[in-house]
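Breakdown of the fold
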Amino acid sequence: MFDATIAGSLPKPAWLAETERLWPKWKAEGAELQQAKLDATLLWIKAQEDAGLDVIGDGEMSRQHFVHGFLEQVEGIDFAHKVEMGIRNDRYKAMVPQVVSALKLRGRVHAAEARFLRAHTKKKIKFTLPGPMTIVDTVADRFYGDRVKMAFAFAELLNQEALALQADGVDVVQFDEPAFNVYMAEAADWGVKALERAAQGLTCTTAVHICYGYGIQANIDWKKTLGDEWRQYEQILPALAASSIDQVSLECIHSHVPPDLMALLKGKDVMVGVIDVASEQVETAEEVADTIGRALQFVPKDRLLPCTNCGLAPMSRAVAEGKLRALAAGAALARQRYGG
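My aim in this report is to walk through the structure given alongside it, one point at a time. Please read these numbers as outputs of a predicted model, since none were measured by experiment. (Residues numbered from 1 in each chain as written. Predicted model: local features only at pLDDT ≥ 70, side-chain atom pairs only at ≥ 80, totals over all residues. Heavy atoms only, no water.)

Remarks on the nonpolar core
If you look at the biggest cluster of nonpolar residues, it comprises 116 residues, and the most contacted ones within it are F70, F154, F175, I210, L237 and L240. Discounting chain neighbours no more than four positions away, the residues touching L240 are F180, V192, L195, V208, I210, V248, L265 and K268. Counting residues in each nonpolar core, the second largest holds 6 residues, with A7, V172, A207 and M271 among its members. (Core = buried A, V, L, I, M, F, W, Y, C linked by side-chain atoms within 4.5 Å. Buried < 20%, exposed > 50% of the residue type's maximum accessible area, 1.4 Å probe, protein only. Contact = heavy atoms within 4.5 Å.)

Structure below.
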């Protein structure tokens, strides 16, 4: 009950990359960089286990960015000539690669880190991939001319990697779809269908993470425009509830999301965000347990998984470590309060 896990990313150590940056530059290259990535992965596996988390991730140590880490192994994408583009409905600008020809995987994308993760923990493991709609929103299309067509092309590639990750021993494959909170009508129309295509044939647990983004200034400013109630989930949750995806990750603590919206996910496991990624303040176990208690009004005990609101990548390592401990301690306290 209340198995605790993270949404995905964790901070890069200072010896691996720039710190507290969403798009950090690596501090090594070649074989040295590959080894440093695995060293950092091992560090965070141990930190998650020491904190007491139940489902362990790789912290996305091998990826500069959660989308680009996948795209680097895709043929048909030009990284040499990036262009500036507004993403997430022009919320902020980013330098993005261009899709210039038909998409195809060069081979495995995350075999090394997934197998490394499996080899170094006996706990359940989760591996994250970007969702097809979010990828489409993070690249410049110079080939397909159609967002839906390109999304399904990416979904096929994601499905190939997801099936391989399952064979590597991954227990939970999670697709990250922050774009679902921005293009709500499109998400309900074709975004969920593309997501299901990405998860097709998987027999392991499947999950989707939708949230209001990392704790960076552009996201903080955007949230201020959303009013006293954030009801974006209301448009997409019914489609997700009707989908084949097993788990849905939602922002909760310190947000303006009406908790009753979680009831729209009847029949799904809900990863409830009980750790704020937009604040350096480390939660107490009591705060985490209280948030779990509020969510239990709308989510059955056996379907609630305490989680972080989003990734912790842009935070300091010390704060992230504190938040991991709070997450696990709060879940343990909630078991005492609400178990039985």
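After that view, the rundown keeps rolling.
Some words on unusual backbone geometry
If a residue is not glycine, its phi is most likely negative; likewise, a peptide bond is most likely trans. With a phi close to 55°, E20 is a non-glycine residue in the positive phi region. If you trace the backbone, E20 turns up in the segment before α1 (30–51). The partly exposed category is assigned to E20, whose relative accessible area is 48%. Positive phi, close to 60°, is recorded for E60, a residue that is not glycine. When you line up the elements, E60 lands in the loop between β1 (55–56) and α2 (68–71). What makes E60 buried here is its relative accessible area of 4%. (Helix = DSSP H or I, 4+ residues; strand = E, 2+ residues; numbered from the N terminus.)

Observations concerning the sheet that holds strand β2 (residues 74–87)
If you trace the 3 strands from one edge of the open sheet to the other, you get β2-β3-β5, paired in mixed fashion. In this open sheet, the two edge strands, each paired with only one partner strand, are β2 and β5 (140–141). Two strands pair when backbone bridges link them, and strand β3 (residues 92–105) and β5 are joined in this way by 2 bridges, in the parallel orientation. When the bridges of β5 are listed, Q98 appears paired with A140. Along the sheet, helix α5 (residues 147–167) makes contact with β2, β3 and β5, crossing β3 at roughly 75°. (Pairing = 2+ DSSP bridges. Axes fitted to C-alpha atoms, helices over the stretch in contact; angles between N-to-C directions.)

A short note on the sheet that holds strand β4 (residues 124–130)
Ordered by their spatial adjacency, 7 strands build an open sheet running β1-β4-β6-β7-β8-β9-β10, and the pairing between neighbours is parallel. In the strand order of this sheet, the two ends are held by β1 and β10 (304–308), each with one partner. Where strand β9 (residues 269–275) meets β10, 5 bridges bridge the pair, whose relative direction is parallel. Looking at the pairing, M271 lines up with L305 of β10.

What about the pattern of salt bridges?
Taken as a whole and assessed by the stated rule, the structure comprises 16 salt bridges. Among the salt bridges present, the one from R108 reaches D168, with a minimum N-O distance of 2.8 Å. Of this pair, R108 sits in the loop between β3 and α3 (111–119) while D168 sits in the loop between α5 and β6 (172–176), placing them 60 residues apart in sequence. The class for R108 is partly exposed, based on a relative accessible area of 29%. Accessibility expressed as a relative area gives 12% for D168, which makes it buried. Each of R108, R115, E161 and D168 takes part in salt bridges that share partners, so that together they form one network. (Salt bridge = Lys/Arg side-chain N within 4 Å of Asp/Glu carboxyl O.)

A closer look at α1
With 22 residues, α1 extends 32 Å from end C-alpha to end C-alpha; this agrees with the ideal 32 Å at 1.5 Å per step. Considered for burial, the residues of α1 that qualify are L33, A36, K37, L38, A40, T41, W44, I45, A47, Q48 and A51. Contacts from the buried residues of α1 go to β1, α3 and α10 (317–338). Residue G52 follows α1 closely and has a positive phi angle near 105°. (Expected span 1.5 Å × (residues − 1).)

Brief notes about the packing of aromatic side chains
Aromatic ring pairs: the centre-centre distance and the angle between the two ring planes describe each pair. Across all of its chains, the model carries 3 aromatic pairs by this definition. Between F143 and Y144 the ring centres are 4.9 Å apart and the planes differ by 85°, which places this aromatic pair in the edge-to-face class. Consider the rings of Y212 and W230, whose centres lie 4.8 Å apart with planes at 40°: the pair is tilted. Residue Y212 is located in the loop between β7 (205–209) and α7 (217–223), and its partner W230 is located in the loop between α7 and α8 (233–241); the two are separated by 18 residues in the primary sequence. Like W230, Y212 is buried. Counting every residue linked through ring pairs, the aromatic cluster contains Y212, W230 and Y233. (Phe/Tyr/Trp six-rings, centres within 6.5 Å; stacked < 30°, edge-to-face > 60°.)

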